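As a plain string of letters, each chain reads:
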Amino acid sequence: MSLIVLFALLALTLAFAPNVLLVVFAGLLFGVFFGGGGDWLVRRIGIGRGWGIGLFVLLVVLGLAGVLFAFAPAAAEQFDELVEQLPAAVEDLRARLEDYAWGEELLRRARPEALMSDGGGGVATTAVMTTFGALGNFVIMLFIGLYVALDPDAYRRGLVSLLTPSARDDGDEVLRKATGSLKNWLVAQLMSMAVVGVLTWLGLWLVGVPLAPILGLIAALLAFIPNIGPIIAAAPAVLLALSDGPTTVWLVVGVYVGVQTLESYAITPLIQKERASLAPALVISVQLLMGVLFGGLGLALATPMAALGLTLVREVYVQRYLDREARTGKAAPAEKEGTDGG
């Protein structure tokens, strides 16, 4: 009965406040990431767990800051060059679009006065509010992750206490296995992101695009968001390639399309099947469903949710309901009633 109540509350939250549930789940992923990295340092250097988590977070921040400062001067120089050359590229694009009726309509709608109209102003305001909302959600995710990483047992005990006493041992075991499945998925995802970053870096370096290492890092980070992330990652590389002409632009697009195709249909499904026992078709299907229902955040969290859901179905429904019936030889209550009535 307690499980029914918990699933009912979960369903109500998902129906009326899905963003809250997604933000909390993302925070739990951060908690798994911080906790796993901290535990790795604890095993290597023998410090306390709290110190290990703090040191791991500090190393992540310093690593990102080091990359930023290392490439900031070159990025600034390339950005200045891009600013100088972009107007000419925009004018060339405008001239090409004006040759088509749909292009003229697109240019008319993209004029500044159209964007600043009542409708455009509403869109701009929504975009600004969405940006601040995303930043606020990210901060909340980080704090949830830190609190969960520092004392995961307290939260696990709290959840287990909501179950009936007879189900608490099973509940504790299921939660531990669910956490393990998220850890396995996260390791697989980090491996996939690293492969994407390296391949993008090598591809752009071969094409001759400047700042290939930092563009590879951007591609690796945004590979966490399937389908949309690679498109966002490709934008700065395409802009930098504009100065070298259309041939370089098409080569850059080819690099990103090739890496994205390899990542989506080969690297990520195979790695996740090996590390997280996720079937590739299941991953793609859940991504499609979550993207349609909950937008970008749902798409970003679709795969870890699939890993978690698969673990819960296997541990709760299959092993503790279906397999228990097979071991005891007793039918489920609904099946008994159906048999008696026949």
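Cut-offs used in this document
Residues numbered from 1 in each chain as written. Predicted model: local features only at pLDDT ≥ 70, side-chain atom pairs only at ≥ 80, totals over all residues. Heavy atoms only, no water. UniProt positions renumbered as here; feature names shortened; annotations may be inferred. pLDDT = per-residue confidence, 0-100. Helix = DSSP H or I, 4+ residues; strand = E, 2+ residues; numbered from the N terminus. Contact = heavy atoms within 4.5 Å. Polar contact = N/O pair within 3.5 Å; in protein donor to acceptor, adjacent residues only side chain to side chain. Core = buried A, V, L, I, M, F, W, Y, C linked by side-chain atoms within 4.5 Å. Buried < 20%, exposed > 50% of the residue type's maximum accessible area, 1.4 Å probe, protein only.

- Under an unreviewed UniProt entry, the name given to the chain is AI-2E family transporter, and the organism recorded is Borborobacter arsenicus.
- Recorded in UniProt under Subcellular location (unreviewed entry), the annotation for the chain is "Membrane".
- According to UniProt, the comment filed for the chain under the heading Sequence similarities (unreviewed entry) is "Belongs to the autoinducer-2 exporter (AI-2E) (TC 2.A.86) family."

## Focus on the confidence of the model for the chain
So, step 1. Residues with a pLDDT of 70 or more make up 73% of the chain, whose mean pLDDT is 76.
So, step 2. Helix H2 (residues 18–45) holds the highest mean pLDDT among the elements of the chain, 88, whereas helix H5 (residues 112–115) holds the lowest, 44.
So, step 3. Residue range residues 112–129 is modelled with pLDDT below 50. Its contacts to residues more than four positions away, or to other chains, number 8 contacts.
So, step 4. Contacts for the low-pLDDT stretch residues 332–342, under 50 throughout, to residues beyond four places or in other chains number 4 contacts.

## What to know about the UniProt feature "transmembrane region" (unreviewed entry) in the chain
So, step 1. When the UniProt feature table is mapped onto this chain numbering, "transmembrane region" (unreviewed entry) sits at residues 25–42, 54–76, 127–150, 185–208, 214–242, 249–268 and 288–313.
So, step 2. From the first C-alpha to the last, residues 249–268 spans 26 Å; its make-up is 100% helix and 0% strand.
So, step 3. Within residues 288–313, the helical portion is 96% and the strand portion 0%, while the C-alpha atoms at the span's ends are 20 Å from each other.

## Some thoughts on the side chain of Asp 39
So, step 1. Here Asp 39 is to be found in helix H2.
So, step 2. Among the polar contacts listed, one links the side chain of Asp 39 to the side chain of Arg 49, at a separation of 2.8 Å.
So, step 3. In this view, Asp 39 contacts Arg 49 and Lys 183; residues no more than four positions away in its chain are not counted.

## Re the nonpolar core
So, step 1. With 20 residues, the main nonpolar core has Leu 204, Val 209, Leu 215, Ala 237, Val 252 and Tyr 256 as its most contacted residues.
So, step 2. If you list the elements that add at least two residues to this core, you get helix H8 (168–207), helix H9 (212–222), helix H10 (228–241) and helix H11 (246–276).
So, step 3. Setting aside residues no more than four positions away along its own chain, Leu 204 makes contact with Val 209, Ala 212, Leu 215, Ala 237, Val 252, Val 255 and Tyr 256.
So, step 4. By size, the runner-up hydrophobic cluster in this structure holds 19 residues, among which are Val 32, Met 141, Leu 301 and Leu 308.

## A word on the environment of Ala 235
So, step 1. When you line up the elements, Ala 235 lands in helix H10.
So, step 2. Note: C-alpha distance between Ala 235 and Val 253 (18 residues apart in sequence) is 9.4 Å.

## Regarding the environment of Leu 215
So, step 1. Tracing the sequence through the fold places Leu 215 in helix H9.
So, step 2. Take Leu 215: its relative accessible area is 2%, and that puts it in the buried class.
So, step 3. The spatial distance from the C-alpha of Leu 215 to the C-alpha of Trp 201 is 6.8 Å, given a sequence separation of 14 residues.

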